[in-house]
Amino acid sequence: MAEILLFHHAKGLTEGLLSFADRLRANGHTVHCPDCYAGATFDNIDEGVAYAQRIGHDALQEAAHSAARRHRGADVVIGYSLGAMQAQLLAQDRRRFRACLLVGGALPPAALGGVWRHEVALQIHVADPDEWVEPAEIDALLYHAPHARIYRYTGKAHLFMDASLPDYDADAADQFEERATAWLADLDEHQRSRQMA
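Residues numbered from 1 in each chain as written. Predicted model: local features only at pLDDT ≥ 70, side-chain atom pairs only at ≥ 80, totals over all residues. Heavy atoms only, no water.

### Focus on the layout of surface pockets
And step 1. By volume, the largest pocket amounts to about 510 Å³.
And step 2. Around the largest pocket sit 21 residues that line it, and Ser-81, Leu-82, Met-85, Leu-107 and Trp-132 are the ones nearest its centre.
And step 3. Of all elements in the fold, only helix 2 (45–55), helix 3 (57–70) and helix 4 (82–93) reach the threshold of two or more residues within the lining of the largest pocket.
And step 4. With four residues, helix 2 is the largest single contributor of residues to the lining of the largest pocket.
And step 5. Split into classes, the residues belonging to the lining of the largest pocket amount to twelve nonpolar, seven polar and two charged. (1 Å grid on protein atoms, 1.4 Å probe; cavity = no way out; pocket = protein on both sides within 12 Å on 5 of 7 lines; lining within 4 Å. Points joined across faces, edges and corners; volume = space filled by probe spheres on them. Helix = DSSP H or I, 4+ residues; strand = E, 2+ residues; numbered from the N terminus. Nonpolar A, V, L, I, M, F, W, Y, C, P; charged D, E, K, R; others polar.)

Here it is as structure tokens:
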């Protein structure tokens, strides 16, 4: 089973994200949820973004690397919105990560000072349209990761998958979770096949 680092969005480490992590654990995965806001959460996404800006980009990157050092068995990263940057950074920089799931965010690999590693499995979930996601940034990542699978959720809000937020859409969130869970199961099956070969 996967050992996962899950990075929260700009509103912080919410109950919705923690509940999702618990459901992944119930499926047998190990899940770590670094809290880059030290317990702070925000009702308004603009306030969360402003808080992240006060922390600073470099500090958020270091928080991702610190989590990777602390949880040395982690081999899969999941990032929501703001946390997508942290997840993608580790997927590019650390060879032990075999898979990356991005929700509501993606960046051109060069924006993180590196290149995309083609052996990393990649899945992207994004509202369509999404005021917080530039289509060109997703396209730039897909150019370097043509094997990636992208799912678009038409007419849904940016954080539609978080049950603790007003953006939540139950049907779309269920669809997202089914796809993410199946993807993790496929990763495990692929790993078992390689180990038996």
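Now that the structure has been shown, we can carry on.
### What about the packing of aromatic side chains?
Aromatic ring pairs are reported here in terms of the distance separating the ring centres and the angle at which the planes meet.
And step 1. All told, the structure shown has seven aromatic pairs when counted by the stated rule.
And step 2. With centroids separated by 6.4 Å and ring planes inclined at 85°, the aromatic side chains of Phe-20 and Tyr-80 adopt a geometry described as edge-to-face. You can see Phe-20 sitting in helix 1 (residues 15–26) and its partner Tyr-80 sitting in strand 3 (residues 76–80), a full 60 residues away along the chain.
And step 3. Measuring from centroid to centroid gives 5.8 Å for Tyr-37 and Phe-42, while their planes differ by 80°, and the two rings are edge-to-face. Both residues of the pair, Tyr-37 and Phe-42, count as buried.
And step 4. Chaining the aromatic ring pairs together yields one cluster made of Phe-20, Tyr-80 and Phe-176. (Phe/Tyr/Trp six-rings, centres within 6.5 Å; stacked < 30°, edge-to-face > 60°. Buried < 20%, exposed > 50% of the residue type's maximum accessible area, 1.4 Å probe, protein only.)

### Observations regarding the state of the cysteines
And step 1. All chains considered together, the criterion is met by zero disulfides.
And step 2. With no disulfide of its own, Cys-100 lies closest to Cys-36 among cysteine sulfurs, the gap being 15 Å.
And step 3. Looking at Cys-100, the relative accessible area reads 0%, which means it is buried. (Disulfide = S-S within 2.5 Å.)

### Considerations on helix 3
And step 1. Taking 1.5 Å of rise per residue, 14 residues should cover 20 Å, and helix 3 covers 20 Å from first to last C-alpha, within 8% of that figure.
And step 2. Turning to helix 3, its buried residues number three or more, namely Leu-60, Gln-61, Ala-64, His-65, Ala-67 and Ala-68. Buried residues in helix 3, looked at end-on, bunch into an arc of 155°, giving them a common side. In helix 3, those exposed residues whose orientation departs by more than 90 degrees from the buried face are Asp-58 and Arg-70.
And step 3. Against strand 1 (3–7), helix 2 and helix 4 lie the buried residues of helix 3. (Expected span 1.5 Å × (residues − 1). Arc of directions from axis to C-beta. Contact = heavy atoms within 4.5 Å.)

### A word on the environment of Asn-27
And step 1. When you line up the elements, Asn-27 lands in the loop between helix 1 and strand 2 (30–32).
And step 2. With relative accessibility at 40%, the residue Asn-27 sits in the partly exposed group.
And step 3. It is 31 Å that separates the C-alpha atoms of Asn-27 and Trp-132, two residues lying 105 residues apart in sequence.
And step 4. In this view, Asn-27 contacts Met-1 and Thr-181; residues no more than four positions away in its chain are not counted.

### As for a negative patch on the surface
And step 1. On the surface, a cluster of negative charge is contributed by Asp-43, Asp-46, Glu-47 and Glu-131.
And step 2. As for its position among the elements, Asp-46 is in helix 2.
And step 3. For Asp-46, a relative accessible area of 49% translates into the label partly exposed. (Patch = residues over 30% accessible without salt bridge, like charges linked within 9 Å, V, L, I, M, F, W, Y side chains within 5 Å. Areas by Shrake-Rupley, 256 points an atom, 1.4 Å probe, with all protein chains shown as cover. Salt bridge = Lys/Arg side-chain N within 4 Å of Asp/Glu carboxyl O. Lys, Arg positive; Asp, Glu negative; His and termini not counted. Charge placed at Lys NZ, Arg CZ, Asp CG, Glu CD.)

Function cannot be inferred from these measures alone, as they are strictly geometric.
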